[in-house]
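What follows is each chain in one-letter form.
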Amino acid sequence: MGKTLFDKIWDAHVVSSKEGFPDILYIDTHFIHEVTSPQAFDGLRQRGLPVFRPKQTVATADHNVPTWNQHLPIKEELSRYQVDMLTKNCAEFGIELYGLGHPYQGIVHVIGPELGVTRPGCTYVCGDSHTSTHGAFGAIAFGIGTSQVEQVLATQCLLQSRPKRMKIEVNGQLQKGVGAKDIILYIISQISAAGGTGFAVEYAGDAIRSLSMEGRMTICNMSIEMGARCGLIAPDDTTINYVKGREFAPKGEEWDKAVAYWKTLYSDEDAQFDEVLSFKAEDIEPMITYGTNPGMGIGVTQHIPATEDFEQKEQGSYKKALDYMGLHDDEQLLGKPIDYVFIGSCTNSRIEDLRQVAAFVKGKQKAENVTVWVVPGSKQVEAQAKAEGLDKIFEAAGFPLREPGCSACLGMNEDKIPAGKYCVSTSNRNFEGRQGPNSRTFLASPLTAAAAAVTGRVTDIRELLNEGELVG
Amino acid sequence: MTKIFKHIQTSVVPLPIENIDTDQIIPARFLKATTREGFGNNLFRDWRFDENDNPKQDFVLNNPTYSGKILVAGKNFGCGSSREHAAWAISDYGFDAVVSSFFADIFKGNALNNGLLPVQVSDDFLKKIFDAVFADHTAEVEIDLENQFIKISSTGEQESFEINPYKKACLINGYDDIDYILSNTEKIVEYEQAPNPLRGNRSGSDKHL
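Residues numbered from 1 in each chain as written. Chains lettered and ligands numbered in written order. Predicted model: local features only at pLDDT ≥ 70, side-chain atom pairs only at ≥ 80, totals over all residues. Heavy atoms only, no water.

S.K.: Before we go on, may I ask you to explain the sheet that holds strand β16 (residues 371-374) of chain A in this structure?
M.R.: The strands making up a sheet are joined through hydrogen bonds of the backbone, oriented either antiparallel or parallel. Residues and elements named next belong to chain A. Spatially, four strands are ordered β16-β15-β17-β18 in an open sheet, and the strand pairing comes out parallel. With partners counted over all chains shown, the strands left at the sheet margins are β16 and β18 (440-443), one partner each. Geometrically, the sheet is characterised by an average inter-axis angle of 20 degrees between neighbouring strands, direction not taken into account. As paired strands, strand β15 (residues 340-343) and strand β17 (residues 422-425) are joined by three bridges and run parallel to one another. By the bridge assignment, Val341 is partnered in β17 with Val424. (Pairing = 2+ DSSP bridges. Helix = DSSP H or I, 4+ residues; strand = E, 2+ residues; numbered from the N terminus. Axes fitted to C-alpha atoms, helices over the stretch in contact; angles between N-to-C directions.)

In structure tokens:
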């Protein structure tokens, strides 16, 4: 019987497999950042252990960093301390750090791929649930807790039970104005925020195949929002062309050998999945979430459900979510005034996202009632955006291009959405308080966010796109 | 060394809400500590306290009626962010076990690595626990890890639960994953040196493999 892509990669990384025990899985590269690593380094000190393979560890500071005036010291004392602690730990344990001020600094899931560290066939972990992003290259990548960060620092391995395998196919032609973010929000709205729990999800089908690497990363990034252990997409020419020539990508003969191997990485035709789901690309509208988990999403023209649509035991949780969001049963979000627009995060802060937003806002002005934050995912994305003049387009539209970091995705740094305010956000989570205490998040695509920035309201991007316009 | 867990019998704290994410358990702005202690003070921070840091009377942790070492919550508990701080906060507050009808993956692993036992029960049994505790707030629940069962003491109703046998042994004996993996160091080095198509998948860079 054939093997799934996931099993091919997993099997190639098993150091030891013993009945009744989780597998000891070899980790090719371990990404670390300032928030989930300090206690792990402390653990190593207490055990008197070194970092086992420092060259296979990549570090950056992203969660706590300001996205304005990054050349100045971080204002908030605890944030500054945590970032300083990462610098100190990396120096002590011999780990290369792409910290503030470094030309490679950025959100950990943006810099790995753009540096060519992320490649097909490898295993990646990070103390961050959006590590699933790297699966877009046909790799196994997932988030871990701090005890496991310590484990990987100490051994370059992770104890892990093999998850079940799910295939999600999306076939057909996407509507104009509908992109990768809409696909993944649609899938999660169909199978719920727990629908993928316990599974490694492989995305397939021609609608997935047609996406750029940036789009595929957006899809895999949000695998965790349906509870999946990881998400992955078989590598193809799009993948290979993206990796080629990047800073740490293989070169010369090594490259040829790597590509030959990558071409063997796909699910065999007779491979068995524990579950297979299929969706039609034509059914997907521009999506927006209305609730307090990413499964609570609708097409932008639809109405939100009524409490009575849910089973009795779920009604309390649903009502709590609507109260928090200041919405009522059966409401339509289309036309609803909003206060903030956030374009950024490890989901949608890559150059393609910024290009798409710039192409739409060019020659337009942001609405007066809206504050717009555009935050590049990395120093390299920022530099590229400036080289292409995107920063000038944003400035002319009434908002500046900020500096890289996790920003308003998680209410940990200076960028927070104020209490009670509505934010159309390209990030990945709409949990209560996620963007700041009592903030209210509508998750959407970069294009839908750009449309809201211009109109000041929840908007159907399809109505604003000219016939034949290429964005989307 | 992991905290040891074998058996408990206590009253429980009911939190019948579904999809409780780790941002609710411990909001990101409290993740700035660089040690594992003290997170209990901010457990469920924004549900527990208002914007002026006054306790919200309607939240269960502020209700003196309910206490105990077991937190009982709705399905898909611990979804979202991988922050282990969530498990640390629950444990630091004084809970030894969390009962739900469904756990998010990463939270479950983090809890097990910290001696906090996640017990997954059926929807029906979860409802029975809620019914018992709302009928009598002193109702006790017994969790026996060795024999893998959970029991409502007053009614005698019980259900068995699943746990990975390795993690069970870790909890009962205080074993630690790192010690186990390190005992396999030779195999790890062997793996690294064996012929492997991924060896051609290296950059030759002096910074990263």
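S.K.: Is there a simple way to explain unusual backbone geometry in this structure?
M.R.: Among all residues save glycine, negative phi is the norm, and among peptide bonds the norm is trans. All names here are of chain B. You will see that Asn19, though not glycine, has its phi angle at about 55 degrees, which is positive. With a relative accessible area of 21%, Asn19 lands in the partly exposed category. Positive phi, normally seen in glycine, also occurs at Phe44, with a value near 50 degrees. With respect to the helices, strands and loops of the structure, Phe44 is situated in the loop between α1 (22-25) and α2 (45-48). Here Phe44 falls in the buried class, since its relative accessible area comes to 0%. (Buried < 20%, exposed > 50% of the residue type's maximum accessible area, 1.4 Å probe, protein only.)

S.K.: How should I be thinking about the packing of aromatic side chains in this particular structure?
M.R.: Each aromatic ring pair is characterised by the separation of its centres together with the angle its planes make. Residue and element names in this part refer to chain B. By the definition in use, this model includes 25 aromatic pairs over all chains. Look at Tyr66 and Phe134: their rings are 6.3 Å apart centre to centre, the planes differ by 85 degrees, and that puts the pair in the edge-to-face class. With Tyr66 in the loop between α2 and β2 (70-73) and Phe134 in helix α5 (residues 123-135), the pair connects residues that are 68 residues apart, well separated along the chain. Residue classification places Tyr66 among the buried residues on the basis of a relative accessible area of 17%. With a relative accessible area of 47%, Phe134 lands in the partly exposed category. (Phe/Tyr/Trp six-rings, centres within 6.5 Å; stacked < 30°, edge-to-face > 60°.)

S.K.: Help me out: how do you make sense of the pattern of salt bridges in this one?
M.R.: Residue and element names in this part refer to chain A. Taken as a whole and assessed by the stated rule, the structure comprises 38 salt bridges over all chains. For Glu92, the salt bridge is made with Arg45, and the minimal N-O distance between the two is 3.2 Å. In this pair, Glu92 sits in helix α3 (residues 77-93) while Arg45 sits in helix α2 (residues 38-47), placing the two residues 47 residues apart along the sequence. By relative accessible area, which is 30% here, Arg45 ends up partly exposed. (Salt bridge = Lys/Arg side-chain N within 4 Å of Asp/Glu carboxyl O.)

S.K.: Where do I start with the environment of B:Asn63 in this structure?
M.R.: Residues and elements named next belong to chain B. Counting through the fold element by element, Asn63 comes out in the loop between α2 and β2. Classification of Asn63 as partly exposed rests on a relative accessible area of 26%. Sequence separation of Asn63 and Lys128 is 65 residues, and the distance between their C-alpha atoms is 21 Å. At 2.8 Å, the side chain of Asn63 and the side chain of Thr65 are in polar contact. (Polar contact = N/O pair within 3.5 Å; in protein donor to acceptor, adjacent residues only side chain to side chain.)

S.K.: In this structure, what is going on with the nonpolar core? I would like to understand it.
M.R.: Note that soluble globular proteins tend to have their nonpolar side chains buried in a common cluster. Membership of the largest hydrophobic core comes to 112 residues, with the highest contact counts inside it found for B:Phe44, B:Phe77, B:Leu117 and B:Ile143. For this core, the two domains that each supply at least three residues are domain 1 (5-275) and domain 2 (309-463) of chain A. Of all hydrophobic cores here, the second largest spans 80 residues; its members include A:Ile27, A:Phe41, A:Ile219 and A:Met222. (Core = buried A, V, L, I, M, F, W, Y, C linked by side-chain atoms within 4.5 Å. Domains from an automatic or database assignment.)

S.K.: It is not clear to me how the interface of chain B and chain A should be interpreted in this structure. Could you clarify?
M.R.: Accessible area lost on assembly of the parts is the figure often given for the size of an interface. Between chain B and chain A, the residue contacts involve 65 residues of the former and 85 residues of the latter. Note on chain B versus chain A: buried area summed over both sides is about 6300 Å², and carbon and sulfur give 56% of it. Contact with chain A buries area across many residues of chain B, yet B:Lys32, B:Thr34 and B:His208 alone supply 12% of it, more than any other trio. A salt bridge links B:Arg36 to A:Glu150; its shortest N-O distance comes to 3.6 Å. Looking at the side of chain B that touches chain A, the elements with two or more residues in it are α1, α2, α3 (85-93), α4 (105-112), α6 (165-173), α7 (177-182) and α8 (185-193) of chain B. (Contact = heavy atoms within 4.5 Å. Buried area = accessible area lost by both parts, 1.4 Å probe.)

S.K.: Explain the layout of surface pockets to me, please; I cannot follow it from the model alone.
M.R.: Rolled over the atoms, a probe as big as a water molecule pinpoints where empty space is left. There is about 880 Å³ of room inside the largest pocket. Taken together, 30 residues line the largest pocket, and the ones lying closest to its centre are A:Ser161, B:Asp105, B:Lys108, B:Leu112 and B:Asn164. At six residues, α4(B) tops the list of elements feeding residues into the lining of the largest pocket. Its residues assigned to classes, the lining of the largest pocket shows 11 nonpolar, 11 polar and eight charged. (1 Å grid on protein atoms, 1.4 Å probe; cavity = no way out; pocket = protein on both sides within 12 Å on 5 of 7 lines; lining within 4 Å. Points joined across faces, edges and corners; volume = space filled by probe spheres on them. Nonpolar A, V, L, I, M, F, W, Y, C, P; charged D, E, K, R; others polar.)

All quantities given are derived from atomic positions and should not be read as evidence of function.
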